[in-house]
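# Geometric and topological summary
In case you want the letters, here they are:
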Amino acid sequence: MRARKYNKRLEVWQTAPLDDGFGGETASETLLSSTWCKFITLDRLSRSTDFGVTDTTDTLIIQLRKRNDLTYTSKSQFFKYRGLKYIIQGTPINVGFEDREIQITLKQESLK
């Protein structure tokens, strides 16, 4: 593994239901951890359709070390980088089947 390969710092967040005190629930965002990663940007010529990505304008692929304390899931987790929210697309890919590194495809959340 190359030194300083991972040079971007991401935050891993999770949404969970929280009682609002009036008999209902609200969604609460909780910071799980922060981690170092490497960004792989997509261009129009990359074979991103293999991963189900058709529009590459707001799509990132991140490569990071596999951690035993975190299981990445697209149901309730998301990443934040520079204040922008990125949603996990699909499942993490085990790079080289060595259980050292994983790749995750992220899509920037659209503004409402």
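Being a predicted model, the structure only gives us computed values, none of them experimental.

## Notes on the packing of aromatic side chains
Summed over the entire model, instances satisfying the criterion amount to three aromatic pairs. A centroid spacing of 4.8 Å and a plane angle of 85 degrees characterise the contact between phenylalanine 39 and tyrosine 81, whose relative ring orientation is edge-to-face. With phenylalanine 39 in strand β2 (residues 25-41) and tyrosine 81 in strand β4 (residues 77-81), this residue pair connects regions lying 42 residues apart in the sequence. A relative accessible area of 12% places tyrosine 81 in the buried class. Seen from their ring centres, tyrosine 72 and phenylalanine 79 are 5.9 Å apart, and the 25 degrees between their planes marks the pair as stacked. Geometry around phenylalanine 78 places lysine 85 over its ring, the cationic atom sitting 4.2 Å from the centre.

## Section: the nonpolar core
Formed by 15 residues in total, the largest nonpolar core has its most connected members in Ile62, Leu64, Tyr72, Phe79, Ile104 and Leu106. Those residues in contact with isoleucine 62, other than ones at most four positions away along the chain, are Leu10, Cys37, Lys38, Phe39, Phe79, Ile102, Gln103, Ile104 and Leu106.

## Overview of the pairing of strand β5 (residues 84-94)
In this sheet, β5 lies alongside β4 in antiparallel orientation, the contact comprising four bridges. When the bridges of β5 are listed, lysine 80 appears paired with lysine 85. Between the end of β4 and the start of β5, which pair antiparallel, lie two residues, with arginine 82 showing a positive phi angle near 55 degrees. Linking two consecutive strands that pair antiparallel, namely β5 and strand β6 (residues 101-108), is a turn of six residues; a positive phi of about 70 degrees is found at glycine 96 within it.

## Re the pairing of β6
The side chains of a regular strand alternate between the sheet's two faces. In the sheet, strand β3 (residues 59-65) pairs with β6 via seven bridges, with the strands oriented antiparallel. Residue leucine 64 lies in a different strand from β6, and its bridge partner there is isoleucine 102.

Calculation notes
- Residues numbered from 1 in each chain as written.
- Predicted model: local features only at pLDDT ≥ 70, side-chain atom pairs only at ≥ 80, totals over all residues.
- Heavy atoms only, no water.
- Phe/Tyr/Trp six-rings, centres within 6.5 Å; stacked < 30°, edge-to-face > 60°.
- Helix = DSSP H or I, 4+ residues; strand = E, 2+ residues; numbered from the N terminus.
- Buried < 20%, exposed > 50% of the residue type's maximum accessible area, 1.4 Å probe, protein only.
- Lys NZ or Arg CZ within 6 Å of the ring centre and 35° of its normal.
- Core = buried A, V, L, I, M, F, W, Y, C linked by side-chain atoms within 4.5 Å.
- Contact = heavy atoms within 4.5 Å.
- Pairing = 2+ DSSP bridges.

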